[in-house]
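Descriptive analysis of the structure
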Amino acid sequence: MAKKSRLVLQVILLMLILVQNGDCIWLNLPKSGRKCVTEEIHNNVVVLADYVVISDVHIHPTPSITTKVTSPYGNILHHKENATHGQFAFTANEAGQYLVCFWADDPNQGGALSVNIDWRTGIAAKDWESVARKEKIEGVELELRKLEAAVEAIHDNLLYLKSREAEIREVSETTNSRVAWYSILSLAICIAASVAQLWYLTRFFQKKKLI
């Protein structure tokens, strides 16, 4: 029984680690053009990101960049110009690919630029210290709250994957149905063309009194 409980706890902790999605991304910006990253996010997921510009040749002051975050439907969630650092946060209202783009404000400012992004989603973006102070919880109770949030996040992920699977299956079935009807139509056209060709040749040879 103890081994089983220990195994269940290990599984929950593993799920907590998987759900706490936090990534540190390092981008090298071109002198002209933009560099973008995408992240697939489903509805009602909190996103929090901090970014900072680093000059590879240590120019002072640090050259500035423009940051733009857009939703899957093209809505602008964050837009900041002349920035050397910043933060954006939002709750996803649209499921799909969210796009974050960076580009240098002045292509001739000299030196290569890099952007370091600390990207957190889901429960990893939640301020647990504030939660602990507000609800006056700590230690094991706080960890249990984190596990509860992890389980809810996993449940939401499963529902999202289930809905995506249903959408993909529906698209696949529709495509298969269209392909089947197209094949039947192509076969019917070929048969009709063959019959018409046979009828034409028969009439031609009859007129020439060859048959």
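Above this text is the structure in question.
My aim in this report is to walk through the structure given alongside it, one point at a time.

Analysis parameters
Residues numbered from 1 in each chain as written. Predicted model: local features only at pLDDT ≥ 70, side-chain atom pairs only at ≥ 80, totals over all residues. Heavy atoms only, no water. Salt bridge = Lys/Arg side-chain N within 4 Å of Asp/Glu carboxyl O. Helix = DSSP H or I, 4+ residues; strand = E, 2+ residues; numbered from the N terminus. Phe/Tyr/Trp six-rings, centres within 6.5 Å; stacked < 30°, edge-to-face > 60°. Buried < 20%, exposed > 50% of the residue type's maximum accessible area, 1.4 Å probe, protein only. Lys NZ or Arg CZ within 6 Å of the ring centre and 35° of its normal. Contact = heavy atoms within 4.5 Å. Disulfide = S-S within 2.5 Å.

1. Digging into the pattern of salt bridges
Any two side chains of opposite charge can pair, so long as their charged atoms come close to each other. One pass over the full model with this rule turns up five salt bridges. Notably, a salt bridge pairs Asp-50 with Arg-120, separated by 3.5 Å at the nearest N-O pair. Of this pair, Asp-50 sits in strand β3 (residues 46–55) while Arg-120 sits in strand β8 (residues 113–121), placing them 70 residues apart in sequence. Among the charged side chains, a network of salt bridges with common partners joins Glu-40, Arg-164 and Glu-167.

2. Looking at the packing of aromatic side chains
Inspection of the entire model under this criterion finds six aromatic pairs. Between the aromatic rings of Tyr-51 and Phe-102, the centroid separation amounts to 5.6 Å while the plane-to-plane angle is 65°, which identifies the pairing as edge-to-face. With Tyr-51 in strand β3 and Phe-102 in strand β7 (residues 96–104), the pair connects residues that are 51 residues apart, well separated along the chain. The buried category is assigned to Tyr-51, whose relative accessible area is 2%. With a centroid separation of 5.4 Å and an interplanar angle of 25°, the aromatic rings of Phe-90 and Tyr-98 are classed as stacked. Judged on exposure class, the residue Phe-90 and its partner Tyr-98 are both buried. Among the aromatic residues, those joined into a cluster by ring pairs are Tyr-51, Phe-88, Phe-90, Tyr-98, Phe-102 and Trp-119. The ring of Trp-103 has Arg-34 sitting right over it, with the charged end atom 4.0 Å from the ring centre.

3. Structural notes on the environment of Phe-90
On the secondary structure map, Phe-90 appears in strand β6 (residues 85–91). For Phe-90, a relative accessible area of 12% corresponds to the buried category. In contact with Phe-90, not counting residues within four places along its chain, are Val-45, Val-46, Val-47, Val-69, Leu-77 and Tyr-98.

4. So, the state of the cysteines
Across all of its chains, the model carries one disulfide by this definition. Note that Cys-36 is cross-linked by a disulfide to Cys-101, the S-S spacing being 2.0 Å. With the S-S dihedral at roughly 105°, the linkage between Cys-36 and Cys-101 falls on the right-handed side. Taken together, the positions of Cys-36 in strand β2 (residues 35–41) and Cys-101 in strand β7 put the pair 65 residues apart, joining distant regions of the chain. Overall, Cys-101 belongs to the buried group, its relative accessible area being 5%.

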